[in-house]
Amino acid sequence: MMKQFILTLMMVAGPFQRGFAHEGHDKTPGAMAAPHGGVIIGTSQLYLELVSESGGVKIYPLTHDTASIPTKEVALQGSITFPKKPKAVPIAFVQNETHFSAKVDAKGAYRYFLDIVVTYKGKKDKVRFQVEPQS
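Scoring rules and cut-offs
Residues numbered from 1 in each chain as written. Predicted model: local features only at pLDDT ≥ 70, side-chain atom pairs only at ≥ 80, totals over all residues. Heavy atoms only, no water. Phe/Tyr/Trp six-rings, centres within 6.5 Å; stacked < 30°, edge-to-face > 60°. Helix = DSSP H or I, 4+ residues; strand = E, 2+ residues; numbered from the N terminus. Buried < 20%, exposed > 50% of the residue type's maximum accessible area, 1.4 Å probe, protein only. Contact = heavy atoms within 4.5 Å. Pairing = 2+ DSSP bridges. Axes fitted to C-alpha atoms, helices over the stretch in contact; angles between N-to-C directions. Salt bridge = Lys/Arg side-chain N within 4 Å of Asp/Glu carboxyl O.

Caption draft 1: Quick look at the packing of aromatic side chains. For the structure on display, the rule yields 2 aromatic pairs. The interplanar angle of 55 degrees and the centroid separation of 5.7 Å between the aromatic rings of phenylalanine 82 and tyrosine 112 together place this pair among those described as tilted. One end of the pair, phenylalanine 82, is in strand E4 (residues 74-82); the other, tyrosine 112, is in strand E8 (residues 112-120), and 30 residues separate them in sequence. Judged by relative accessible area, phenylalanine 82 falls into the buried class, the value being 9%. Judged by relative accessible area, which is 1%, tyrosine 112 ranks as buried. Consider the rings of phenylalanine 93 and phenylalanine 100, whose centres lie 6.5 Å apart with planes at 75 degrees: the pair is edge-to-face.

Caption draft 2: Inspection of the environment of glutamate 132 at higher detail. Looking at the secondary structure, you find glutamate 132 in the segment after strand E9 (123-131). The class of glutamate 132 is exposed, set by a relative accessible area of 53%. Here glutamate 132 is in contact with Ser52, Tyr110 and Arg111, once residues within four sequence places are set aside.

Caption draft 3: Spotlight on the environment of glycine 38. You can see glycine 38 is positioned in the loop between helix H1 (2-21) and strand E1 (39-42). Looking at glycine 38, the relative accessible area reads 24%, which means it is partly exposed. Considering only alpha carbons, one finds glycine 38 and valine 57, 19 residues apart in sequence, at a separation of 10.0 Å.

Caption draft 4: Molecular detail of the sheet that holds E8. With respect to topology, 4 strands assemble into an open sheet ordered E5-E4-E8-E9, the strand pairing being antiparallel. Edge positions in the sheet fall to strand E5 (85-91) and E9, since each of these pairs with one other strand and no more. If you compare each strand with its neighbour and ignore which way they point, the axes differ by 20 degrees on average. Pairing of E4 with E5, which is carried by 4 bridges, proceeds in the antiparallel orientation. Within the sheet, the bridge partner assigned to phenylalanine 82 lies in E5 and is lysine 85.

Caption draft 5: How the structure looks around the pattern of salt bridges. By the definition in use, this model includes 2 salt bridges. As a salt-bridge pair, lysine 58 and glutamate 53 come within 3.5 Å of each other at their nearest N and O atoms. Classification of lysine 58 by relative accessible area gives partly exposed; the value is 22%. Here aspartate 115 ties to arginine 128 by a salt bridge, and the two come within 2.7 Å at their closest N and O atoms. Residue aspartate 115 is located in strand E8, and its partner arginine 128 is located in strand E9; the two are separated by 13 residues in the primary sequence. Judged by its relative accessible area of 21%, aspartate 115 falls in the partly exposed class. The partly exposed category is assigned to arginine 128, whose relative accessible area is 44%.

Listed below in structure tokens is the structure:
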């Protein structure tokens, strides 16, 4: 008898429960649209947006409101680590007006890690991107 009561209650309350369970949860906390279509990783000072292109990457420094930060206010140092090679390889960034760019020879790797030390307003932070090279 009790089992039948619980099943009946679940059938009656089920549709209402599903409706309320997702109310107000249509957006992921902290989710944001990347202005250049890339991947964003944040630090305490700023965001870095990585856009992977054929033969390289572009890094856009952004405020926490996703406004562009002039590259002359930011310094980047980076290295790349490939899955089958444990030793990191330094990468040179070229400073453009709105972004940094770097040529990357993925050497046939399906992914690699890009480690960046970013300096902004005298403070250094580290970020790590997992990059899947574009063909």
